Amino acid sequence: MDFFHTLILLLDSTVRLSVPLLLAALAGLYSERSGVFDIGLEGKMLAGAFAAGAAAAVTGSAWAGLGAAMLISIFLALVHGFASITHRGNQIVSGVAINFIAAGSTIILGQAWFRQGGRTPSLSAGGRFGAIELPFADAVRDVPILGEIYSELLSGHSLLVYAAFLLVPFTWWVLFRTRFGLRLRAVGENPAAVDTAGISVSWLRYRAVICTGILTGMAGSYLSLAQNAGFVKDMTAGRGFIALAALIFAKWKPVPVMFACLLFGFLDAFAIRVQGTPLPLIGQVPVQFMQALPYVLTVVLLAGFIGKAIPPRAGGVPYVKER
Amino acid sequence: MSAPYAKLPAWADYGLIPLINLAVAFLVAGLVVMLVGENPFRAAVILVDGALGRGQNIAYTLYYATSFIFTGLAVAVAFHCSLFNIGGEGQAYVGGLGVAVVCLAFDSILPWWLVFPLAVAGAAVFGAAWAFIPAYFQAKRGSHIVITTIMFNFIAASLMVYLLVNVLKPAGSQAPQTRTFVEGGHLPKLNWMLEALGLSVRSAPFNLSFLLALLAAFLVWVLIWRTRLGYEIRMRGFSPKAARYAGVSETKIIIIAMLISGALAGMMALNPVMGDQNRLQIDFVTGAGFVGIAVALMGRSHPAGIVPAAILFGMLYQGGAELAFEMPNISRDMIVIIQGLVILFAGALEHMFRPTLQAAIASLSPRSMGAEARQGEGG
């Protein structure tokens, strides 16, 4: 029973840690499926986290924070679109630029506005997305196994956690069951065909990067409004890149993206759990090894040792209309 | 990517466009300064004075520039092969391990001028080794070099923390760093060069690796534009198909270009590790690997552009430190924003002003546009 309880706690923190990855990876899914590579997920998420923390601190409302986060992330996504769709610039370079702009300006503006060393003020309960207790969570707590799964693992997360997991089937539905999704996927594979059909390639891709902006804004808000009570500088700490890794790992498909994010979240939770305690058979695992594991796994996957990850064919290539 | 754009005269392409892009980047940075409630013009004056005002400051500016020349060259060599090596940060970090291993082994038995070439080799070999795996995977298994090199930055960070905490830290010490090198692990300072020019330098970390950086810049120029290997690198960068048709082994060229790139990034470590701190510390690279991206883009991947671009970023680093004293609202992180803006405007948006400029030049002097312009518009 003790082992089971530990397992539940481990899975519970897996869920919490995988949510920002999931939101960011789904964000990247829209953009990359439309043929716009985005390594600026990290920067957009960071800017979103800062905007959320700042707006929630000023207004005292978590919803205002979420709105501000989405706006700033959409703005950065549009900058990326402007560079890579309208001006046919290098998408990788543009993404790198956005990461730096976000990393620098969140610290500078945070210090200038709040003077707490780059933090935003600590949020009270109203400024955060608090835990939602599912119905009867308390009542069934004592039921063995199932009760514990329900009340510990499934209940008691913030709104954004449930939203993130609901977005997985929603994204699948949008991409594979709607006209918009069909066109979005087509424009990532063969933009010339979409253009020939009389549909604007640019406008489709712009809509895709706007979706990316909305979702990275949510990912950022989760970090500063749900997981923590305010923004701390560099709080994304590479999660945008792990999300990108998860996206590749999942071969640009929504449901596998969720499992990849859960896997990376589990590794993270496991690393925190076993820190300093020796494992049976292996002995003490250095914490740095556990931290590096998601990156190592991604490299191994990319090298094609665990199936082949094939990106959307037109990904990274600016579309030039034939004249 | 330049296909849809007609050619501009060379002076506009290599002189005017980068200047316009840079000016716009600084204009936007000025807006950020205004946003935090400071006067951008006063900030610019303090920054330039802080970077160049006294001999001391110039020495610091050149010290920072040294690191950026190495990392800028590293990014540029890969660019010529149309590879985006974003892993300069990790390669420099691991390069520092090479420097430290050499210095720890020989600093008490050899003089610095014998340790130095060994340390250069150590830095280059370790940096190149860290670039080898992403290069091999790109060349042989088609995994995207951008993603793998980003991953290798994170892996390098974990590896180095592990090594510093568990292996390299001297017994009984708390700080995660190696012991301080003795005499043989210290590079001579170059402050006398500035003093010879009549500038006074109290103490600054400006050291011999600056000259090595200039030499590296010259050698990169020779390599890229004056050797067969450089030609093959540029050919594969310009058109992989043409390179394949001409019998250039793509696998070989990708790996060689990345090894050179990694070696250059690794050599950046000489400057802080052997030239200044004289020990290997956690996070000694402090973003220099990433600055290299901005430097290479601004310098248009040519050593003659990279050296001034690196000095400009050296000025921003040093001047930015002074600025942080005068204007507490503007910390060193302002540089990160400027770096991002330079990458955005000089890199991703490099074509933004091209059509306007093209129209302007064409209307002023149609002849300077030559035949290419008509072709570009008609084609």
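Heads up: the structure comes first, above all this text.
This section reports on the structure supplied with the text. What you are looking at is a predicted structure, and each value in this text was computed from that prediction instead of being measured. (Residues numbered from 1 in each chain as written. Chains lettered and ligands numbered in written order. Predicted model: local features only at pLDDT ≥ 70, side-chain atom pairs only at ≥ 80, totals over all residues. Heavy atoms only, no water.)

1. Some thoughts on the interface of chain A and chain B
The criterion, for reference: Only heavy atoms matter for contacts: two residues are in contact if any of them lie within 4.5 Å across the pair. In this description, buried area is defined as the sum, over both parts, of the accessible area (probe of 1.4 Å) that is lost when the two are combined. For this document, the term salt bridge refers to a Lys or Arg side-chain nitrogen within 4 Å of an Asp or Glu carboxyl oxygen. The definition of a polar contact used here is a pair of N or O atoms within 3.5 Å, where within protein one atom must be able to donate a hydrogen and the other to accept one, and adjacent residues in sequence count solely through side-chain atom pairs. Helix and strand assignments come from DSSP, with helices taken as H or I runs of at least 4 residues and strands as E runs of at least 2, each series counted from the N terminus. Just so you know the grouping, Ala, Val, Leu, Ile, Met, Phe, Trp, Tyr, Cys and Pro go in nonpolar, Asp, Glu, Lys and Arg go in charged, and all remaining residues, Gly too, go in polar.
Contacts between chain A and chain B engage 45 residues on the former and 44 residues on the latter. Between chain A and chain B the total buried area reaches about 4,000 Å² when both faces are included, carbon and sulfur atoms providing 77% of it. On the chain A side of the interface with chain B, the three residues burying the most area are A:Phe100, A:Ile108 and A:Gln288, jointly 16% of the side's total. Where chain A touches chain B, the interface holds 0 salt bridges. There are 1 residue pair in polar contact (both at pLDDT 80 or more) connecting chain A and chain B. Of all the secondary structure elements, the ones that give two or more residues to the side of chain A that touches chain B are helix 3 (62-86), helix 4 (91-114), helix 10 (239-249) and helix 12 (287-302) of chain A. For the side of chain A that touches chain B, the element with the most residues is helix 4 of chain A, which contributes 15 residues. For the side of chain A that touches chain B, a count of residues per class yields 30 nonpolar, 11 polar and 4 charged.

2. Re unusual backbone geometry
Positive phi, close to 45°, is recorded for A:Ala237, a residue that is not glycine. At B:Asp283, a position not held by glycine, the phi torsion is positive, near 55°. As for its position among the elements, B:Asp283 is in the loop between helix 12 (270-277) and helix 13 (288-298).

3. Regarding the side chain of A:Asn99
Residue and element names in this part refer to chain A. Applicable threshold: Working definition: with a 1.4 Å probe on protein chains only, accessible area under 20% of the residue-type maximum means buried, over 50% means exposed, and in between means partly exposed.
Tracing the backbone shows asparagine 99 in helix 4. Residue asparagine 99 is classed as buried on the basis of its relative accessible area of 13%. At a separation of 2.8 Å, a polar atom in the side chain of asparagine 99 contacts the main-chain amide nitrogen of glycine 43. Apart from residues no more than four positions distant in its own chain, asparagine 99 is found in contact with Ile39, Gly40, Leu41, Glu42, Gly43 and Phe241.

4. Some remarks on helix 1 (residues 2-33) of chain A
Structurally, the α-helix is built with 3.6 residues per turn, so residues lying three or four positions apart point the same way. All names here are of chain A. Keep this limit in mind: Every helix has an expected span of 1.5 Å times one less than the residues it contains. Bend angle per residue: angle between axes fitted to the 7 residues ending at that residue and the 7 residues starting there.
Taking 1.5 Å per residue as the helical rise, helix 1 with its 32 residues ought to reach 46 Å, and the 44 Å between its terminal C-alpha atoms agrees with that figure. Its axis deflected by about 35° at serine 18, helix 1 carries its strongest bend there, up to four residues before the proline proline 20. With 23 of 32 residues buried, helix 1 lies mostly within the body of the structure. Following helix 1 by one or two positions, glycine 35 has its phi on the positive side, about 95°.

5. Some words on the environment of B:Gln177
Residue and element names in this part refer to chain B. Relative to the elements of secondary structure, glutamine 177 occurs in the loop between helix 6 (145-168) and helix 7 (191-196). Between the alpha carbons of glutamine 177 and glutamine 281 there is a distance of 4.7 Å; along the sequence they are 104 residues apart. With residues near it in sequence (within four places) discarded, glutamine 177 still touches Leu164, Leu168, Lys169, Pro170, Arg279, Leu280 and Gln281.

6. Some remarks on a nonpolar patch on the surface
Residue and element names in this part refer to chain A. Put simply, the test is: Residues enter a patch when their relative accessible area is above 30% and they make no salt bridge; the linking distance is 9 Å between like charges and 5 Å between nonpolar side chains (Val, Leu, Ile, Met, Phe, Trp, Tyr). Each accessible area is a Shrake-Rupley estimate made with a 1.4 Å probe; only the visible protein chains count as cover when residues are assessed.
Among the surface-exposed residues, Phe170, Trp172, Trp173, Val255 and Phe259 lie close enough to one another that they form a single nonpolar patch of about 510 Å² accessible area. Within the residue set of the nonpolar patch, elements represented by two or more residues are helix 6 (159-177) and helix 11 (254-274). The greatest single-element share of the nonpolar patch, amounting to 3 residues, is contributed by helix 6. Secondary-structure assignment places valine 255 in helix 11.

7. Thoughts on the packing of helix 1 (residues 10-35) of chain B against helix 15 (residues 333-348) of chain B
Residues and elements named next belong to chain B. Note the threshold: Every axis in this analysis is a line fitted to C-alpha atoms, fitted for helices over the stretch in contact. Angles between the N-to-C directions lie between 0 and 180 degrees. Should the near helix be turned counterclockwise from the far one by less than a right angle, the crossing is left-handed, whereas a clockwise turn marks it as right-handed.
Between helix 1 and helix 15, the least distance of the axes is 9 Å, while the angle of their chain directions is 145°. Relative to helix 15, the crossing made by helix 1 is right-handed. When helix 1 is examined against helix 15, the residues Asn21, Leu22, Val24, Ala25, Phe26, Val28, Ala29, Val32 and Val33 are found in contact with a partner set consisting of Met334, Ile337, Ile338, Leu341, Val342, Phe345 and Ala346. For the contact of helix 1 with helix 15, a count of residues per class yields 15 nonpolar, 1 polar and no charged.

8. Considerations on the packing of helix 3 of chain A against helix 9 (residues 201-227) of chain A
Residue and element names in this part refer to chain A. Helix 9 packs onto helix 3 with a crossing angle of 145° between their chain directions and a minimal axis gap of 7 Å. The way helix 3 lies across helix 9 gives a crossing that is right-handed. Per-class residue counts for the contact of helix 3 with helix 9 are 15 nonpolar, 9 polar and 1 charged.

9. Points about the packing of aromatic side chains
In plain terms, the rule: Here a Phe, Tyr or Trp ring, Trp counted by its six-membered ring, pairs with any other such ring whose centre lies within 6.5 Å, and the pair is stacked when the planes are under 30 degrees apart, edge-to-face when over 60, and tilted otherwise.
A full pass over the atoms with the stated rule returns 21 aromatic pairs over all chains. Relative to A:Phe270, the ring of A:Phe266 lies with its centre 5.8 Å away and its plane at 20°, an arrangement referred to as stacked. With A:Phe266 and A:Phe270 both in helix 11, this residue pair falls 4 residues apart, about one helical turn. Classification of A:Phe266 as partly exposed rests on a relative accessible area of 28%. On the basis of relative accessible area, A:Phe270 is assigned to the partly exposed category, the value being 23%. Centroid distance B:Phe132 to B:Tyr136: 5.9 Å. Interplanar angle 35°. Geometry classified as tilted. In this pair, B:Phe132 and B:Tyr136 are both assigned in helix 5 (residues 112-141), 4 residues apart and thus about one turn of the helix distant. Owing to a relative accessible area of 35%, B:Phe132 belongs among the partly exposed residues under this scheme. Site record: aromatic cluster; members linked through ring pairs are B:Tyr60, B:Tyr63, B:Tyr64, B:Phe68 and B:Tyr317.

That's the geometry; what it means functionally is another story.
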